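Structural characterization, general
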Amino acid sequence: MDILNKKYFLTVKDYSVSKETFDLYQDEVLDMLITFPQPSIEDLGKYYESVDYISHTDSKRSLFEKLYHFIKTIALNNKLDLINSLQPDKGKILDIGAGTGDFLSAAKKGGWQTIGVEPSEKAKAIAINKGVSFVDKTAVLENNSFDVISMWHVLEHVPDLDKQIKELKRLLKPTGTLIIAVPNFKSFDAKHYGKFWAAYDVPIHFWHFSKTAIKLLFEKEEMKLEKVLPMKFDSFYVSLLSEKYKSGKMNFIKAFFIGLQSNLSAKKNFEYSSHIYLLKNT
């Protein structure tokens, strides 16, 4: 995708690493935002070089990191309940962007056959110590070979979106389920924080999705959106980071109330801070 004929939406800053600014353009047909300019594959790695990139570490140095891992444990149990409800007899699961491997480790202990893909060697090393198995690229995997494929806050990081969706279609069994979790730029907390909203996370988030965007993008590859689920914890986590970007410090109390307000608002319009999308082949 490019920004030709796209509408300017907002200028945001990379608060984590480079302090550079990037523009967001809106694709009004798909109802999604596109980061511009997008780093080249060669330069992309340097934008992940932050000690605060929490999904690539198991460290618990601060109250924020301890809180993150506490919530992560609850979310992990919810993820396992979800995949078990989709496939009670278990089966094969592929997790793309597996990070430090907690999800696949738990799924393996729960009776699933698991494989992961993770570009960060640091995160992958931590996961391997937990018994998680990896392939370097999904291209080596067979067609129609997975009962469940998951991408937990990963699709927004993928440089070639169309290619990735085609690959997901190829790998999923005809009866399988694809799980996509991504931030929602139409949420209350996104609108409240504007250019300080942490889930824009430029430039490593190339794409910023709405429910409409997910539906239309996957329909092009003959995949149907079956269900949308809320990720209610995300509004609190994102609000904490957004407070830090806005004021230079984490205001736990204010962030809690903004996160709560976002969830209450989403009860009416179902625009949560992040959503889980369940998709199937048609």
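Residues numbered from 1 in each chain as written. Predicted model: local features only at pLDDT ≥ 70, side-chain atom pairs only at ≥ 80, totals over all residues. Heavy atoms only, no water.

**With respect to the environment of Tyr277**
Here Tyr277 lies in strand β10 (residues 274-281). With relative accessibility at 0%, the residue Tyr277 sits in the buried group. Beyond its immediate sequence surroundings of up to four residues, Tyr277 is in contact with Leu178, Ile179, Ile180, Val182, Ser210, Lys211, Ile214, Leu225, Lys227 and Val228. Of the polar contacts made by the side chain of Tyr277, one reaches the side chain of His275; its length is 3.2 Å. (Helix = DSSP H or I, 4+ residues; strand = E, 2+ residues; numbered from the N terminus. Buried < 20%, exposed > 50% of the residue type's maximum accessible area, 1.4 Å probe, protein only. Contact = heavy atoms within 4.5 Å. Polar contact = N/O pair within 3.5 Å; in protein donor to acceptor, adjacent residues only side chain to side chain.)

**Considering the nonpolar core**
When a protein is soluble and globular, its nonpolar side chains tend to lie buried together. With 54 residues, the main nonpolar core has Ile180, Phe209 and Phe218 as its most contacted residues. Leu76, Ala107, Trp112 and Ile276 belong to the second largest nonpolar core, which has 21 residues in total. (Core = buried A, V, L, I, M, F, W, Y, C linked by side-chain atoms within 4.5 Å.)

**Examining unusual backbone geometry**
Leaving glycine aside, a negative phi is the common case for residues, and trans is the common case for peptide bonds. Here the bond from Phe36 into Pro37 is cis, since omega is -5°, no more than 30 degrees from zero. Along the chain, the position of Pro37 falls in the loop between β3 (32-36) and α1 (41-44). Between Val202 and Pro203 the backbone carries a cis peptide bond, its omega angle lying at -5°. Mapping Pro203 onto the fold places it in the loop between α6 (188-193) and β8 (207-208). With a phi close to 65°, Asn5 is a non-glycine residue in the positive phi region. For Asn5, the position within the fold is in the segment before β1 (7-13). Positive phi outside glycine occurs at Asn144, with the angle close to 50°. Topologically, Asn144 is positioned in the loop between α4 (121-128) and β6 (146-152). Note on Asn144: relative accessible area 42%, which makes it partly exposed.

**Details of the sheet that holds strand β9 (residues 223-230)**
Ordered by their spatial adjacency, six strands build an open sheet running β5-β4-β6-β7-β10-β9, and the pairing between neighbours is mixed. Of all strands in the sheet, those bounded by a partner on one side alone are β5 (113-117) and β9. Shown here is a sheet whose adjacent strand axes are inclined to one another by a mean of 20°, direction ignored. Sheet analysis places β9 next to β10, joined by seven bridges and oriented antiparallel. Within β10, the position partnered with Lys227 by the bridge is Leu278. Helix α3 (residues 102-109) rests against β4 (92-96), β5 and β6 of the sheet, and its axis sits at about 170° to β5. (Pairing = 2+ DSSP bridges. Axes fitted to C-alpha atoms, helices over the stretch in contact; angles between N-to-C directions.)

**A few points about helix α8 (residues 234-247)**
Since the α-helix turns once every 3.6 residues, residues separated by three or four places project in the same direction. The end-to-end C-alpha separation of α8 is 20 Å, in line with the 20 Å expected for 14 residues at 1.5 Å each. With respect to burial, α8 is a largely interior element, ten of its 14 residues being buried. After α8 finishes, the residue Gly248 shows a positive phi value of roughly 90°. (Expected span 1.5 Å × (residues − 1).)

**Details of the packing of aromatic side chains**
Scanning the entire structure with this criterion turns up twelve aromatic pairs. Judged by centre distance (6.1 Å) and plane angle (85°), the rings of Tyr25 and Phe36 are edge-to-face. On the criterion of sequence distance, the pair formed by Tyr25 in strand β2 (residues 21-27) and Phe36 in strand β3 is long-range, its members being eleven residues apart. With a centroid separation of 6.4 Å and 80° between ring planes, the pair formed by Phe206 and Trp207 is classed as edge-to-face. (Phe/Tyr/Trp six-rings, centres within 6.5 Å; stacked < 30°, edge-to-face > 60°.)

**So, empty space enclosed by the protein**
Using the criterion set out here, one finds three cavities of 30 Å³ or more in the structure. Computed from the structure, the largest cavity encloses a volume of approximately 70 Å³. Taken together, Val12, Lys13, Asp14, Tyr15, Ser16, Lys195, Trp197, Ala198, Tyr200, Asp201, Val202 and Tyr245 make up the full set of residues lining the largest cavity. For the lining of the largest cavity, a count of residues per class yields seven nonpolar, one polar and four charged. Roughly 50 Å³ of internal volume is contained in the second largest cavity. Taken together, the residues that form the lining of the second largest cavity break down as seven nonpolar, two polar and two charged. (1 Å grid on protein atoms, 1.4 Å probe; cavity = no way out; pocket = protein on both sides within 12 Å on 5 of 7 lines; lining within 4 Å. Points joined across faces, edges and corners; volume = space filled by probe spheres on them. Nonpolar A, V, L, I, M, F, W, Y, C, P; charged D, E, K, R; others polar.)

**Observations concerning the pairing of β2**
Of all seven residues in β2, five are buried; the element is thus mostly enclosed. Summarising the sheet, β1 and β2 pair through six bridges and their orientation is antiparallel. The partner of Lys13 across the bridge, within β2, is Thr21. Looking at chain direction, β2 and β3 are connected through five bridges and run antiparallel. Along β3, the bridge assignment pairs Leu24 with Thr35. From the end of β2 to the start of β3, which pair antiparallel, there are four residues, and Asp31 there has a positive phi angle of about 60°.

Geometry only, nothing functional implied.
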